[in-house]
Amino acid sequence: VRNARELPGMLRVSVACPRWPPVPARHAHMALLHALLALLWTAQGAIPLNRPVTIQQNGWCFDHQWSSDPDRLILYLCSGGQNQHFVWHQEDSWGFAHLVSVQDDRCVGIDDIDLDANGIPAEQAPISFKKCSTTDKLIEWRYRQGEQQIESVKFLGSCMDFSDTHDFFILYQCKDDLGHDEAKNQRVRFVDDVASPIHAGVPVQIQHFKGGLFDMWSGSCLDQSLDTGAKDPLTLYKCQQGAPNQLFVWTSSSALRSSNDSLPLLTSSLDGRCVAAAKAEVGAGLLLRPCGKGDETLARWRYSHGVQQLQLKDFPYLCLGALLEGSPEVGVVGCALDPEPHFEVLSAGRKPVLEHVPLEVKQGDWCLEHKFDEKPEKLVLRKCTELANQEFVWRSGANGSHHLVSNFNDRCLGIRDEDTDKHTHEPREHSPIAFQTCNWSDKLQQLVYALGPEQLRLHVWPHLCMQFDENEGIFTVARCTIEGRGFFGGGGRDVQILRFAEESRAEAIAPGLPATIRVGQFWHRNCLERSAAGDSVITVECDKEGVIDQQFDWLGRGDWHFNMVRSLVDDKCLVARRHEVGAPVSLGSCNYTNLHARWLYSHARGFLKLAEWPELCVDLPALTAAVGSGRSGTAVLANCSYDKERDSENHELAVVDEECEFRTQGLQSIKEDEPLSIQQNGFCLDQPFDESHVTLFGCNMQNNQKFVWVGAPSALDDYHLLISHIDNRCIGVGDGDADDKGKPYRNAPIVFKECSDRDLLIRWVYSYGRKQLQMAEWLYLCMEYDDAKRIFAVQSCAIPDGSRGGRWLERKQALTFEGVAPDAGAAAQRRH
């Protein structure tokens, strides 16, 4: 159990309360609370950001009615047209978003002419389209995840509302659901169904078109000169499919938000440098420079999907374009130039490498192979055989680097110390690439994969690549080159091009979901089990009912090169006492900083091994002799070893005592940002309309029995919010029911309260195995239904008692989310 984090400092917020629209007296207190606290919760959940989506309401689509005067936002039959595509645009530093029409790149907002003398919108002010500006408060919106409403940030408590009278959207008081689905014409759903080539880290081509009548370069692509001394590093040139010097990558300026948020940096796929304007003025040229150096405003770009322009984000009137008609020179031009500068972003058909699963890696028609039968263990090319020594795992490492790990024996690819310069420690060219014991901090093992030129490069020395030496028949270190022209110097061929398979023959272990860990040859049907006598781990015959003693989950995080194995009995993790042969393996605190609690799974062999000492595996002594009795001794560490009798030719399988496989129970992760029902013993979690407590009631499928599971603002935070679908309040513990350190009292009622990203009392995690809602900061505290009071309250989390099979101490904590239970006809998963 992790330590409770220190309570953050209070945030002082000053909010000017709007005088419009008039609020009925019975709802005045709710509107005021919404207004005062709305800005404290800014997470956008799972809304796809900064790329085109459709927005739906009751089966109809948001539609930019450009044929009317003025343009209106309406609902229309979904057609897939460009005028039904919108971008929820948000910068890393914003506490709001712009809703941008792809049709003409204008923002959805309130027109200035619809404000009175005091700056307050007229009653039922129409939603309009206007020029986007970072200083215009009338185009700032936020999404209320619970009620699925789009709310004005300037006029808190006012939402987009489709008016049946006007047949277009207006600004109106945000409606709470009082049992008659009053908010149905304000609820919207973002649907990620529009194809877009722009994704973080994925190479694209950028094609210029719609030039003048005599523009011979129309249809050409942005091209990076391979001559490092060229005056103009970027020009237009005839498009060449897959040419690495015509591929560029969109990336983020924030390492924590690079997956789906703002992607302002346009970088070269060859060397990672940023495309930047020389000056913020018409006629300025383009530069390639190291990202993070110089004036950042000159290197931040935004692609306008509808009008297909590359705009400088901080100077939206300036665009990338051809400097002179009929010339290949590109630079900064006015966005309103006639003809307008247009660029289409085209997919290059590349995908990021799958992580943590074994993959084939090819050069041409040949497969990379780990030559394990000689020292040092080298990397060669061979005819593809589908054996484990031709599969490799791409594991995330430090500072954006990766390790390439052999699926044969989990050793890492790298350069030996003796093959480096003794002064600079830089690897010498022509040095052999060899497999060694993995050391996650060893710079000689840290790699990056350049998706554009399809090269494996050394992270610290990105000018050095892996290259197949046809004379030696092995891979060696070489200066990176591009298709016959030495970008970094020297000549090059396709001997540096490496392509990872897009699919794995192994099945990834689903993180966070219950699984059994079968030990021994798969037909023996023995499972890892948490001993009822204490924290020891043993192996017994697998229980057909899936007792909780035999259920574990595979914990992971995007920035980890390892995983943790957690028992669902009491949330303790598998920990080795020491990193030596014979050391006991038992259950202890889940602390990811403990090197003895970090594990890797060897897909080919079935080893469960220590991540930091991968030569040590979990071993169940005397398992072979215990097959008849169905019971083994307690788990210990042993040297990972192969069963030569079972597989004498390929050495692919672990000995019986060490072979493991994970089998999930078929559960599905809770769907985020979607209204769901939650049940207990045939009744549904219910929000009464006349009180703030959480209770149970007969299931009726009404909106007050639906709740939205919303993830934390950062992917590195492990908690969710549970938000009401009728008034956007969060389920949690009242501030008055906690001690002076912020910890809730036992028996404190669970209530609905305003959401705030600083409130520790509304953060939850869900135990899929025990079906409990646990408080994220105090994992030993759970939601429990109180029969006497008929409300939910805080109680100590019940765990199974000491008997095998885990008799429950309290069933009133069991909660089942809609869609989590496995399908009745789900097939058993194949071996990982």
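Note that this is a predicted model, so its numbers are computed, not measured.

1. Topic: the pattern of salt bridges
Okay, so step 1: Per the counting criterion, the structure on display carries 40 salt bridges.
Okay, so step 2: Residues Asp112 and Lys130 are paired through a salt bridge, measuring 3.1 Å at the closest nitrogen-oxygen approach. With Asp112 in the loop between strand S6 (107–110) and strand S7 (127–130) and Lys130 in strand S7, this residue pair connects regions lying 18 residues apart in the sequence.
Okay, so step 3: Given a relative accessible area of 11%, Lys130 falls into the buried group.
Okay, so step 4: Ionic pairing is found between Lys137 and Glu140, a salt bridge with its closest N-O pair at 3.6 Å.
Okay, so step 5: Residue classification places Lys137 among the partly exposed positions, given a relative accessible area of 43%.
Okay, so step 6: Residue class for Glu140 comes out buried when judged on its relative accessible area of 3%.
Okay, so step 7: Within this structure, Arg142, Arg144, Glu147 and Glu151 form a network of salt bridges that share partners.

2. Quick notes on the state of the cysteines
Here, the word disulfide means a covalent bond between the sulfur atoms of two cysteines.
Okay, so step 1: Within this structure, the stated rule accounts for 15 disulfides.
Okay, so step 2: The partner cysteine of Cys412 in its disulfide is Cys438, sulfur to sulfur 2.0 Å. On the S-S bond that ties Cys412 to Cys438, the torsion sits near 95°, and the link is right-handed. You can see Cys412 sitting in strand S31 (residues 412–414) and its partner Cys438 sitting in the loop between strand S32 (434–436) and strand S33 (447–450), a full 26 residues away along the chain.

3. Re a nonpolar patch on the surface
Okay, so step 1: The grouping of Trp60, Tyr76 and Leu77 at the surface amounts to a nonpolar patch, some 360 Å² of accessible area in total.
Okay, so step 2: Among the secondary structure elements, Leu77 is positioned in the loop between strand S3 (72–76) and strand S4 (86–89).
Okay, so step 3: The class for Leu77 is exposed, based on a relative accessible area of 55%.

4. Examining the packing of aromatic side chains
Okay, so step 1: In this structure the tally under the stated criterion is 20 aromatic pairs.
Okay, so step 2: Here the aromatic residues Phe62, Phe86, Phe162 and Phe169 are joined through ring pairs into a cluster of three or more.
Okay, so step 3: Arg72 extends its terminal NZ or CZ atom over the ring of Phe168, reaching a point 5.1 Å from the ring centre.
Okay, so step 4: Positioned above the aromatic ring of Tyr592 is the side chain of Arg557, whose terminal nitrogen or guanidinium carbon lies 5.4 Å from the ring centre.

5. Quick look at the side chain of Asp105
Okay, so step 1: The residue Asp105 is located in the loop between strand S5 (98–101) and S6 in this model.
Okay, so step 2: A relative accessible area of 13% means that Asp105 is categorised as buried.
Okay, so step 3: A polar side-chain atom of Asp105 sits 2.8 Å from a polar atom in the side chain of Ser304.
Okay, so step 4: In this structure the side chain of Asp105 is engaged in a polar contact, spanning 3.3 Å, whose partner is the side chain of Gln311.
Okay, so step 5: Among all residues touching Asp105, those that are not within four sequence positions of it are Val100, Cys132, Arg302, Ser304, Val307 and Gln311.

6. Brief notes about the side chain of Arg395
Okay, so step 1: By secondary structure assignment, the location of Arg395 is in strand S29 (residues 392–396).
Okay, so step 2: Comment: no salt bridge for buried Arg395; closest opposite-charge side chain is Asp410, at 4.9 Å.
Okay, so step 3: Non-local contacts of Arg395, meaning those with residues more than four positions away in its chain, are made with His356, His402, His403, Val405, Trp440, His561, Leu600 and Tyr601.

7. Brief notes about unusual backbone geometry
Okay, so step 1: Cis peptide bonds are those with omega within 30 degrees of zero, and the linkage from Asp69 to Pro70 qualifies with 0°.
Okay, so step 2: With respect to the helices and strands, Pro70 occurs in the loop between strand S2 (60–65) and S3.
Okay, so step 3: Here Lys375 and Pro376 are connected by a cis peptide whose omega angle stands at -10°.
Okay, so step 4: The backbone of Gln148 shows a phi angle near 60°, a positive value even though the residue is not glycine.
Okay, so step 5: Position of Gln148 among the secondary structure elements: in the loop between strand S8 (141–144) and strand S9 (149–152).
Okay, so step 6: Positive phi values are uncommon outside glycine, yet Asp181 reaches one of about 55°.
Okay, so step 7: Looking at the secondary structure, you find Asp181 in the loop between strand S11 (168–173) and strand S12 (189–191).

The rules we used
Residues numbered from 1 in each chain as written. Predicted model: local features only at pLDDT ≥ 70, side-chain atom pairs only at ≥ 80, totals over all residues. Heavy atoms only, no water. Salt bridge = Lys/Arg side-chain N within 4 Å of Asp/Glu carboxyl O. Helix = DSSP H or I, 4+ residues; strand = E, 2+ residues; numbered from the N terminus. Buried < 20%, exposed > 50% of the residue type's maximum accessible area, 1.4 Å probe, protein only. Disulfide = S-S within 2.5 Å. Patch = residues over 30% accessible without salt bridge, like charges linked within 9 Å, V, L, I, M, F, W, Y side chains within 5 Å. Areas by Shrake-Rupley, 256 points an atom, 1.4 Å probe, with all protein chains shown as cover. Phe/Tyr/Trp six-rings, centres within 6.5 Å; stacked < 30°, edge-to-face > 60°. Lys NZ or Arg CZ within 6 Å of the ring centre and 35° of its normal. Polar contact = N/O pair within 3.5 Å; in protein donor to acceptor, adjacent residues only side chain to side chain. Contact = heavy atoms within 4.5 Å. Lys, Arg positive; Asp, Glu negative; His and termini not counted.

Distances and angles like these do not, on their own, reveal function.
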